[in-house]
Amino acid sequence: MPLIVKICGLSTRETLDAALQVGADMVGFVFFPPSPRHLSLETARELGKQAKGRASKVALTVDADDATLANIVEALQPDILQLHGRETVARLRDIKQTFGLQVMKAIAVETAADLAALPGYAAVADRILFDARAPKEATRPGGLGAVFDWRVLEKLDLTLPFMVSVGLHAGNVAEAVRITRAGGVDVSSGVERAPGIKDPEMIRAFIQAARATALTSPLPVHGERSTAQRAGG
């Protein structure tokens, strides 16, 4: 099935519209104050209305408590909660039960040893996102443009849908999909002209490159995309 493309860290009407016009399947919004992409609830409410019915809305949080999640859900009305912190399997289960939304768990990867926790998360999450492990001195877990060796995922045996987000940009997305066979790709810093500042032309170029990958390569074995998912919101 077609590759799923997610543009994350959107923060303005202009850049969100660029992603929607070119056909992003998912649009991500960050709720984590240390990030340059952090959104206020007021902005999230407006952007959520703009995206409604045009793409699946994803709310990215990092070790957020229930009160914080409730405020985000009320404002954005997301389709998916992306958990990008150190949330345990039990915490994932609690969040799913409390909010009744799909959950995507981000797993930081540097070596194959980092996949040890995957079975537990895969038993609860609706989708897995593989991201590069942040440096120890980093103030946030993702959106840093870091890259890991994609070959770590080359022989991954995972039936659950998964995405990769590893320093992707228009020039390397084809190689990432070829090696990992991921069903989806997620980009943030790779479509920015400065930290937190998305570039509409870079967004368009990335989505077009990702779509070309899907046309010229064998379909990813771990991909899926339903009508409801595309309509989203």
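Residues numbered from 1 in each chain as written. Predicted model: local features only at pLDDT ≥ 70, side-chain atom pairs only at ≥ 80, totals over all residues. Heavy atoms only, no water.

Chemist: I'd like a description of the environment of leucine 168, backed by residues and values.
Modeler: With respect to the helices and strands, leucine 168 occurs in the loop between β7 (162-165) and α6 (173-180). Relative accessible area serves as the criterion here: at 3%, leucine 168 is assigned to the buried category. On a C-alpha basis, the gap between leucine 168 and serine 188 in space is 8.1 Å, while along the polypeptide they are 20 residues apart. Not counting the four nearest positions on each side in its chain, leucine 168 is found in contact with Trp150, Ala176, Val185, Asp186, Val187, Gly190 and Phe206. (Helix = DSSP H or I, 4+ residues; strand = E, 2+ residues; numbered from the N terminus. Buried < 20%, exposed > 50% of the residue type's maximum accessible area, 1.4 Å probe, protein only. Contact = heavy atoms within 4.5 Å.)

Chemist: Pulling in residues and values, what's your account of the sheet that holds strand β6 (residues 127-132)?
Modeler: Remark on secondary structure: sheet strands pair via backbone hydrogen bonds, oriented parallel or antiparallel. The strand order β1-β2-β3-β4-β5-β6-β7-β8 describes a closed barrel built from eight strands, whose pairing is parallel. Adjacent strand axes in the sheet meet at a mean angle of 25° when their direction is disregarded. Where strand β4 (residues 80-83) and strand β5 (residues 102-109) come together, four bridges link them in parallel fashion. Residue pairing in the sheet places leucine 81 in a bridge with valine 103 of β5. Lying over the sheet, helix α3 (residues 66-76) contacts β2 (26-31), β3 (56-61) and β4, oriented at roughly 155° with respect to β3. (Pairing = 2+ DSSP bridges. Axes fitted to C-alpha atoms, helices over the stretch in contact; angles between N-to-C directions.)

Chemist: How would you explain the nonpolar core if you had to name every residue and give the values?
Modeler: Core analysis: the largest hydrophobic core is formed by 61 residues, its most contacted members being Ile7, Val27, Phe29, Ile128, Phe130, Val185 and Phe206. The element best represented in this core is helix α7 (residues 200-216), accounting for five residues. (Core = buried A, V, L, I, M, F, W, Y, C linked by side-chain atoms within 4.5 Å.)

Chemist: Any chance you could break down helix α1 (residues 13-21) for me, citing the residues and the numbers?
Modeler: Looking at α1, one finds that the buried residues are Thr15, Leu16, Ala18, Ala19 and Leu20. At the C-terminal side of α1, glycine 23 shows a positive phi close to 100°.

Chemist: Explain the pairing of strand β1 (residues 4-7) residue by residue, including any values.
Modeler: Of the two faces of β1, the one carrying Ile4 and Lys6 and the one carrying Val5 and Ile7 are both buried. Of the pairings in the sheet, the one linking β1 to strand β8 (residues 184-187) comprises four bridges and is parallel in character. Each bridged residue has a counterpart across the sheet, and for isoleucine 4 the counterpart in β8 is glycine 184. Alignment of β1 against β2, held across two bridges, turns out to be parallel. Counterpart to lysine 6 in the pairing with β2 is methionine 26.

Chemist: Now, about the confidence of the model for the protein: what can you tell me, with residues and values included?
Modeler: The share of residues in the protein with pLDDT of 70 or more is 85%, and the mean pLDDT across the chain is 88. Taken as a whole, residues 138-145 scores under 50 in pLDDT and shows 25 contacts with residues more than four places along the chain or in a different chain. (pLDDT = per-residue confidence, 0-100.)

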